[in-house]
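Structural overview for review
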Amino acid sequence: MLEIHNLSKKYSNGVQALDNVSLEIGKGMFGLLGPNGAGKSSLMRTIATLQDADAGNITFNNIDISKSPRELRLQLGYLPQEFGVYPKFSAFDLLDHMATLKGISDKKQRHEQINALLHQTNLFDARKRAVANFSGGMKQRFGIAQALLGDPKLIIVDEPTAGLDPEERNRFHNLLSEISENIIVLLSTHIVSDVEDLCTRMAILSGGKIRECGHPTELINRLTGRVWMKAIGKAEIEPFERDYQVLSRQLHLGKIQARILSEVCPEDGFKCVTPTLEDVYFNTLQQG
Amino acid sequence: MIGTYCNFEWQYHTKQLAFVITFAVFLFLGLILTFNFSSGDGGVHTNSPYLITFKFGLISWLVTFVIAAFCNRAVLRDLDSNMSELVLSTSITKKQLIISRFVGVLLSSILVMLAVPLGMMLDFILTSNAAASAASFKLFDYIWPFLVMIMPTVFFISSFLFFISVVTKSHIATYLAAVMLFGMYMFSSTFIGSPLLSGTGSVVASSGIQQLAALVDPYAVSAFLQQTEYWSTQEQNTLLVGLSGNFLINRLLWTVSGGALLWLAFTKFNMQKAYVHEKSADKEVGVDNVQLKGIIPSVACRVNDLKSVLSLIKIETNLLIKSKVFWIAMTVWVAFVSAEMLTVIAKFPFSSPALPTTAALIKRFQPDHLPTFGLLMLIFFSGEIFSREKNIGINYILHALPVKSLGFLFAKVVALSVIPVAMITLAIMASMVLQLLNGFYEFDLGVYASLYYFGLIPLAINGAICGFFQVIGNNRYVGLSLSCLFFAVFSTDLAIPLGMEHPLFHFEQFLPAPYTKFSGYETSFGAFSAYQLYWLACVALLLVGAGKIWARGNRTPYKNLTLVKLTDFKNISPIPVAVTCIALISGSWIFYQTNIAATYQPPSRIVANKIAYERTFAAFKDVPQPAVTAVTAELELMPKGRAYRLAGQMELVNQTSADISRILVGGALSAESEFEIIDAKIIDDNIHHHTAIFELNTPLKPNEKTTLNFSVNHRQSGFSNSRPVNTITQSHAFIFLDRYVLPTIGYQKKRTIVRPRLRKEHNLPAMPAMVKPEAAVAVDGSDLERQGDWITLDLTVAAPDDFTVAAPGKLVGLEKSSKGTIHHFTARQPIRNILPVAAGRYIGTEQIHSGVKTTVYSSPDSLRNVGRIHEAAANAIAHFSEIFGPYPYEELKIVEAPAFAGITIRGFAAPGMLLFGEQSIFSLDIRNLQDDKIFIDHVSRVVAREVARQWWGHSLAPANTDKYEGGGLFLETVARYAELLSLEKHQGRDIMLGWLGVEHDRYLSGRSGLSSPEVPLYRVQDHQNYLSQYKGVMALHALKETLGGDLVNGALKEVLEKHRYPNTPPISLDLIMALKKFTPLEKQNLIDEWFKATSFSEIGIDEAHILKIEGGKYKLELSVAAKKITTNGSETRETEHLTQDITVGIYNADRETIYEIRHNIALSGNRLTLILDEKPFEIVLDPYLAVIDLNRDNNRVRLE
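Residues numbered from 1 in each chain as written. Chains lettered and ligands numbered in written order. Predicted model: local features only at pLDDT ≥ 70, side-chain atom pairs only at ≥ 80, totals over all residues. Heavy atoms only, no water.

What about the packing of helix H5 (residues 94-126) of chain B against helix H12 (residues 245-268) of chain B?
Residues and elements named next belong to chain B. Going by this rule: Every angle, taken between N-to-C directions, lies between 0 and 180 degrees, and every axis is a line fitted to C-alpha atoms, over only the stretch in contact when it is a helix. Runs of H or I in DSSP of at least four residues are treated as helices and runs of E of at least two as strands, each being numbered from the N terminus. Should an angle fall under 35 degrees it is called roughly parallel, over 145 degrees roughly antiparallel, and 65 to 115 degrees roughly perpendicular, with every other angle called oblique. Crossing chirality is assigned from the near helix's rotation relative to the far helix, an anticlockwise turn below a right angle marking it left-handed and a clockwise turn marking it right-handed. Any two residues having at least one pair of non-hydrogen atoms within 4.5 Å are treated as being in contact. Three residue categories are used. Nonpolar comprises Ala, Val, Leu, Ile, Met, Phe, Trp, Tyr, Cys and Pro, charged comprises Asp, Glu, Lys and Arg, and polar comprises the others, including Gly.
With their axes 10 Å apart at the nearest point, H5 and H12 run at an angle of 140 degrees to one another. What the angle tells us is that H5 and H12 run oblique. Handedness of the crossing formed by H5 with H12: right-handed. Contact with H5, carried on its side by Lys-94, Lys-95, Ile-98 and Phe-102, involves Leu-262, Ala-265, Phe-266 and Thr-267 of H12 and no other residues of that element. Among the residues forming the contact of H5 with H12, the class breakdown is 5 nonpolar, 1 polar and 2 charged.

Observations regarding the confidence of the model for chain A
Worth spelling out the cut-off: Here pLDDT means the predictor's own confidence in every residue, given as a number from 0 to 100.
In this model, chain A carries an average pLDDT of 90, and 100% of its residues clear a pLDDT of 70 or more. At the level of individual helices and strands, chain A shows its lowest average pLDDT in helix H6 (residues 166-179) of chain A, which scores 83, and its highest in helix H3 (residues 91-101) of chain A, which scores 94.

Let's talk about the packing of aromatic side chains
To be explicit about the condition: For Phe, Tyr and Trp, where Trp contributes only its six-membered ring, two rings pair if their centres lie within 6.5 Å, and the inter-plane angle classes them as stacked under 30 degrees, edge-to-face over 60, or tilted in between. Exposure is judged per residue with a 1.4 Å probe applied to protein chains only, and the accessible area is read against the type maximum: over 50% gives exposed, under 20% gives buried, and values in between give partly exposed. By the criterion adopted, a ring carries a charge over it if an Arg CZ or a Lys NZ lies within 6 Å of its centre and within 35 degrees of its normal.
Following the criterion strictly, the structure yields 51 aromatic pairs over all chains and no others. Consider the rings of Tyr-50 of chain B and Phe-54 of chain B, whose centres lie 6.4 Å apart with planes at 0 degrees: the pair is stacked. With Tyr-50 of chain B and Phe-54 of chain B both in helix H3 (residues 49-80) and 4 residues apart, the pair spans about one turn of that helix. Judged by relative accessible area, Phe-54 of chain B falls into the buried class, the value being 6%. Measuring from centroid to centroid gives 6.0 Å for Phe-56 of chain B and Phe-146 of chain B, while their planes differ by 80 degrees, and the two rings are edge-to-face. Of the two residues, Phe-56 of chain B is situated in helix H3 and Phe-146 of chain B in helix H7 (residues 140-168); the sequence distance between them amounts to 90 residues. Overall, the relative accessible area of 0% leaves Phe-56 of chain B in the buried class. Given the relative accessible area of 8%, Phe-146 of chain B is considered buried. Taken together through their ring pairs, the aromatic side chains of Tyr-453, Phe-454, Tyr-515, Tyr-521, Phe-525 and Phe-528 of chain B make up a single cluster. Stacked on the ring of Phe-83 of chain A, the Lys or Arg Lys-139 of chain A has its end atom at 5.2 Å from the ring centre.

Digging into helix H4 (residues 107-120) of chain A
Structurally, the α-helix is built with 3.6 residues per turn, so residues lying three or four positions apart point the same way. All names here are of chain A. In plain terms, the rule: Given a helix with a known number of residues, its expected span is that number minus one, times 1.5 Å. Identification of polar contacts relies on pairs of N or O atoms within 3.5 Å, with a donor-acceptor requirement for protein atoms, meaning one able to donate a hydrogen and the other able to accept it, and with residues adjacent in sequence counted only if both atoms are side-chain atoms.
For H4, spanning 14 residues, the distance from its first C-alpha to its last is 20 Å, which sits close to the expected 20 Å at 1.5 Å a residue. Regarding H4, the residues found buried are Arg-110, Gln-113, Ile-114, Ala-116, Leu-117, Leu-118 and Gln-120. Buried residues along H4 sit against H3, helix H5 (136-147) and H6. Near the N-terminus of H4, the side chain that reaches the backbone nitrogen of Lys-108, with its oxygen 3.1 Å away, is that of Asp-106.

Description of the nonpolar core
All names here are of chain B. Here is the rule: As used in this record, nonpolar core signifies buried Ala, Val, Leu, Ile, Met, Phe, Trp, Tyr and Cys residues forming a set joined through side-chain atoms within 4.5 Å.
Of all hydrophobic cores here, the largest spans 229 residues; its most connected members are Phe-162, Phe-381 and Ile-419. Looking at which element gives the most residues to this core, the answer is H3, with 20 residues. Ile-419 has contacts with Leu-320, Phe-326, Met-330, Met-377, Leu-378 and Phe-381, leaving out every residue within four places of it along the chain.

Section: the interface of chain B and chain A
The criterion, for reference: Buried area counts how much accessible surface, traced with a 1.4 Å probe, disappears from two parts once they are put together, with both parts' losses summed. Within this document, salt bridges are pairs made up of a side-chain nitrogen of Lys or Arg and a carboxyl oxygen of Asp or Glu, the two lying within 4 Å of each other.
Taken together, the contact between chain B and chain A spans 56 residues of the former and 59 residues of the latter. When chain B packs against chain A, close to 5300 Å² is buried across both sides, 57% of that on carbon and sulfur atoms. Connecting chain B to chain A are 1 salt bridge. A salt bridge links Arg-70 of chain A to Asp-305 of chain B; its shortest N-O distance comes to 2.4 Å. Where chain B touches chain A, the interface holds 9 residue pairs in polar contact (both at pLDDT 80 or more). No other element matches the 8 residues that helix H13 (residues 305-321) of chain B contributes to the side of chain B that touches chain A.

A short note on empty space enclosed by the protein
All names here are of chain B. Heads up, the condition is: Lining residues are those with an atom within 4 Å of a point, where the points come from a 1 Å grid over the protein atoms alone and group into cavities, where a 1.4 Å probe fits but cannot get out, or pockets, open sets with protein on both sides within 12 Å along at least five of seven lines. Grid points are joined across faces, edges and corners, and a volume is the space filled by probe spheres set on the points. Each domain's extent was defined by an automatic or database domain assignment.
Applying the stated criterion to the full structure yields 8 cavities of 30 Å³ or more. Taken as a whole, the largest cavity encloses approximately 140 Å³ of empty space. Counting only elements with at least two residues in the lining of the largest cavity, the list comes to helix H36 (1084-1092) and strand S21 (1094-1109). Among the elements that take part in the lining of the largest cavity, S21 stands out by supplying 3 residues, more than any other. A per-class count over the lining of the largest cavity returns 7 nonpolar, 4 polar and 3 charged. Per-domain counts for the lining of the largest cavity show at least three residues from each of domain 3 (961-1092) and domain 4 (1094-1198).

Observations concerning the pattern of salt bridges
Residues and elements named next belong to chain B. This structure, assessed with the given rule, holds 63 salt bridges over all chains. Residue Asp-1088 pairs with Lys-1076 through a salt bridge whose shortest N-O separation is 2.7 Å. You can see Asp-1088 sitting in helix H36 and its partner Lys-1076 sitting in helix H35 (residues 1068-1077), a full 12 residues away along the chain. Asp-1088 sits in the partly exposed class, given a relative accessible area of 25%. The residue Lys-1123 makes a salt bridge to Glu-1134 at a minimum N-O spacing of 3.5 Å. Linking Lys-1123 in strand S22 (residues 1113-1127) with Glu-1134 in strand S23 (residues 1132-1135), this pair joins segments that are 11 residues apart in sequence. Given a relative accessible area of 24%, Lys-1123 falls into the partly exposed group. Among the charged side chains, a network of salt bridges with common partners joins Arg-941, Arg-945, Glu-946, Arg-949, Glu-972 and Glu-979.

A closer look at the sheet that holds strand S1 (residues 2-10) of chain A
Across a sheet, strands are paired by hydrogen bonds formed along the backbone, either parallel or antiparallel in direction. Residue and element names in this part refer to chain A. Threshold: Pairing between two strands requires that DSSP report at least two bridges joining them.
Taken in spatial order, the 4 strands of this open sheet run S2-S1-S4-S5, and their pairing is antiparallel. The two strands at the open ends of the sheet, each matched to only one other strand, are strand S2 (16-25) and strand S5 (63-64). Note: S1 against strand S4 (residues 55-60), 5 bridges, orientation antiparallel. In the sheet register, Glu-3 faces S4, and the bridge partner there is Thr-59. Contacts between helix H1 (residues 40-47) and the sheet are confined to S1, S2 and S4, with S2 contributing the most and set at about 60 degrees to the helix.

Brief notes about the state of the cysteines
Short version of the rule: Cysteine sulfurs are considered disulfide-paired once they come within 2.5 Å of each other.
Overall, the coordinates contain 0 disulfides over all chains when judged by the stated rule. With no disulfide partner, Cys-199 of chain A has as its closest neighbouring cysteine sulfur the one in Cys-213 of chain A, 11 Å distant. Under the relative-accessibility criterion, Cys-199 of chain A is labelled buried at 5%. You can see Cys-6 of chain B has no disulfide; the closest cysteine sulfur is in Cys-71 of chain B, sitting 15 Å from it. Residue class for Cys-6 of chain B comes out buried when judged on its relative accessible area of 16%.

Notes on the sheet that holds strand S15 (residues 836-840) of chain B
Ordered in space as S8-S9-S15-S12 (chain B), the 4 strands form an open sheet in which the pairing is antiparallel. Whereas interior strands pair on both sides, the edge strands pair on one side only; in this sheet they are strand S8 (727-728) and strand S12 (804-806) of chain B.

As for H7 of chain B
Residues and elements named next belong to chain B. Convention followed: What is called the bend at a residue is the angle between a pair of axes, fitted to the seven residues leading up to and ending at it and to the seven starting from it.
With 29 residues, H7 should reach 42 Å at 1.5 Å per residue; the first-to-last C-alpha distance of 40 Å fits that figure. A bend of about 40 degrees at Phe-146 is the largest found in H7. Burial within H7 is extensive, with 22 of its 29 residues counted as buried. Within two residues after H7, Lys-169 carries a phi angle of roughly 55 degrees, on the positive side.

Below, the structure is given as structure tokens:
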């Protein structure tokens, strides 16, 4: 169990990245949704022991990670949003190095796991090539492979599918959901559907604060019967914006597909639709 | 528009915090350098144009690294911050981009350098210095050198590094290019004889190479030194460096090169490609359709710190040695050390190539270049290695791994140590290749291996310190600046004003004593090791601290510092405890050995002690004191314990005409000593100065004797903060009994401050002026004070049985005893009180030359030149006996002294005994000399000179040279002259003249920058070697050429016979008188001109025309310029009249003489018309170097 209590972090430039964040995360996949600058990466880095919080604490299976960061690192797999690699090192050698640092001392076991991961991430054929010369997608898959090295009990992945094509993304999702049966996987993303598809629990973060937390279906269900949709002309949107909470507006065939949250039908022609996680997300942000 | 861009660049550079810090550092340097220089003696003003220019040159190479940082910032910042595409997609053109970026670099660099003169001016305003040694303030003295010295340099360096940055797109390659520039500067300094390299000594290079050296130095320091080589004090104080000659060519060359490089940078810069890293992305590996292949095998994870650290070390090392820049750096290093080692063995006509022994070759880089270059590389690579993860962007992944912070840092420090390992290994390989190419196959692998101990450990420690500063700086440039500042303060004397003068604080100041074939590094091995252990423990502590505050992940370094304080004391780990214990124990041990077991004198106390000595005992300056006339002593050497004991008696005789009732006796300074005078009591025992005043129960009447008993015990540990002259190791002992061992009698001038400037600074009265030779005759008559004591000697030396002992006197007995073998030396006939004792595993080679038993004592590794040494000694004894009379001693011992004895290549003469350092005659390369007559045999030359001192110095010694002027003529001049005679006889006239040319130039450079006006030769004082050695030999040679060798030699012989011990010691006028006695009246003014005046000639051929005339003859019309410059210190006069006739030599194409005659140039007019039988090829004025000519280059003309 990963428990986050009243976590706050303010950077030296005055930005309040985290503001009294509290979360309890159990086994399974936990999605962290939020717009850019919401504090997702700050939260991830703080959990990954890469920075200290100004206030609050984090415990993982009752270990206070600020006091015993190494205990957490021993059980951690981390994929940051952006990363680079050493030049001139092959995928295999680099994974071997990282696996050693993760404590896989047995060479045979280490190599077995590395090969399995290379297969999983479809990099086996490229294992002898320099990672620095990999394309964006390959490098991202390498990042995933290294995060899965060892037997991490907590996996933190920050925007892991950025740069992956749909098929790779799919594959990665399958892998993650399989792994997450027994461990905690913390997935940060701004792709709502990822969370919807994969996560058993989720939180929405904005302005450094947790705005919403729960099971995706539960959160969606709260909006059942309250989301209305209609295609309207561009010029007609204004009165709705003034009188209703417009969750989203999407352009479709020159018209705006407006989704409105309302207890009653805003106007003739509006259809009550099944809410999505995206509706929850926008609703939460707008309320925050 | 371009103005806006330039303005942006200017603001960009100058608004950085690093810029402000750099500016402050340069301002500080300007201030400090003035301070440092002014501590020297001198009539040269601290703000003289010469010194200002010199200091600019000194600092200008430092700015190179600043410019490298500016260039990297200007060229690579877009790449580093992923801004390239944004910048390049704006409307800026290539021209605007390049010009604005370069202008930014140039202006910022100039501004940084402007801090230097500002610092100097600030110092001028702030310190009292201004009043004491500076002239009035002249702004132009700063502006002009800045314009001609700094501006072209800064322009070239900026262009060059800008170009490198554009082409390589690599930070470190730009820094390496900066190191390479520094290498070029060091290399050319080696040939010019820069004062910066006075420690290593310059190479006697041909003028062609000097010309080249003056041109290849992009900083123009060499060209400046070349231009000002012969400048007098007055000229240094008034003249500005001139835009002429090599200096002008140098400035033009590098300015034009700078422009060309800038143009190249412009053409090489490609807006589309050149601004992004060229990376060949792999082809995307297609996603296969295979479904998930089962879950990932589970593994056992248990962190093994050792394995983690080893893996980190492996990867760090791999990254380092796989990088191009590392190999570029190593190539620069190998090229530099190879060039340095070549200077040891390079054969120029008058250079003194040494045998390429391992010790000789590594000496060329081990003591200075390896630490300096190593440190520079460590500083730069530490920036690279410590900020690598952050720069690459892998830090978040790695830092979230379960590896201790200390593990990461330790691996990086180890990787840094790979740099010195590679440097040492490559230098060894280069050295071996040089040995092989030279046909020298005796590789001393032990000596090579020792580099890994003595060279690597200090550098590894430096690396850890650089790493520490990278951690606390948390930014490559801040770390780099902090490292530079640390080493600038703690590796130099700058730490002393901060109260950290004890070697324990004085980082890395304890260097190993030089390697010696006699006992390796044993002299200071223990001390060196203890210091290294101490520093290792200290840096380990620093690293542990760094591990705690390291900005792991996204942290700011100092936030953790509070965490450490609050939480870590409870469960402190064993590593810091262990290293703290090691640091404390080793530090205490060093302190005990330095301050308690030995006598430690803080450097800052040295001057104070001297002042105190003078104040305490000044009253004894004029109190008559007895002379030592006999020494009977027993010396027991105990090499195993590195100790010796000396006990015995001295016979003291009142040789004055007054009664003596009080005697001032000084004991050994760095040893326990006791002494007593028979029938006398101590009335003042000054333990602080190891000096006591005895009062005799009955005053000593003239010619009465008394006895002083003494005993001295000394044990050495090698921890002393000064290198002792007298050293005993387990395998060798070298002790000058007369220096700091035997008690001294009377007031000791050498224990006081002698330098006039220092005396003035400490409000001490000026030293009494020396007695002019004329006054010496008038006042003292025949009662002249002798140079030193003349003693009879009875010395026994107990040494281990396998030791051979060499000491003055005759070996009269060898006897085994419980203390080892007792060697008994006696000198019944008085000898000068110069008593070196050398004992060790010598090989003695004995031969009889002209009836004189001659033994060469060398180490078993130095037998190569022994034959030549004997031959040279035989020649010298035979030749000089012919000229000066019989050899004055029964024996001649020629001894190889260990490196720690401080005997230079010049050698040292004791009574009947010559000492030469290891790098001297025993290791000079004389192979194949016979085959090539253009090379001088320095072994024979130096041996001849030192043998000559047995007559001139040890048979005759001048009146006390501390008191009377002119004594150097008998100690130095005649020995040099004898050397010249020997050169002419045994190596030929051409070699002799060639060597004299070197001495001629040495005189001219020696007189430049004098602290006081040059005195005439006959008034030479002790320290004025440029006169007694170089002008002196020119004078006697010129007289020999003009008046004849027999005349000069006859006069010398007469002086010797008349004034040898125990007769009255001579003064310089005696030599002049003797010379005049044999010289016709009309030529006597020549003697006066050489000895009693200071004058130079400036002769040269203006024009030479040749015309074929009837009868197959040739008419030569020669136009000659001649003038004489006479100076009396304050006033300089020029005349057209030369006292001396000038030889005009005309030679055919086969170098045979067609015509040679002496002309009085002034009398015969400046035009000469000569009818010659043969076609002339070359005309030379003064081919036999009979005048001192300020410019010899225009004395030679070849006719087409």
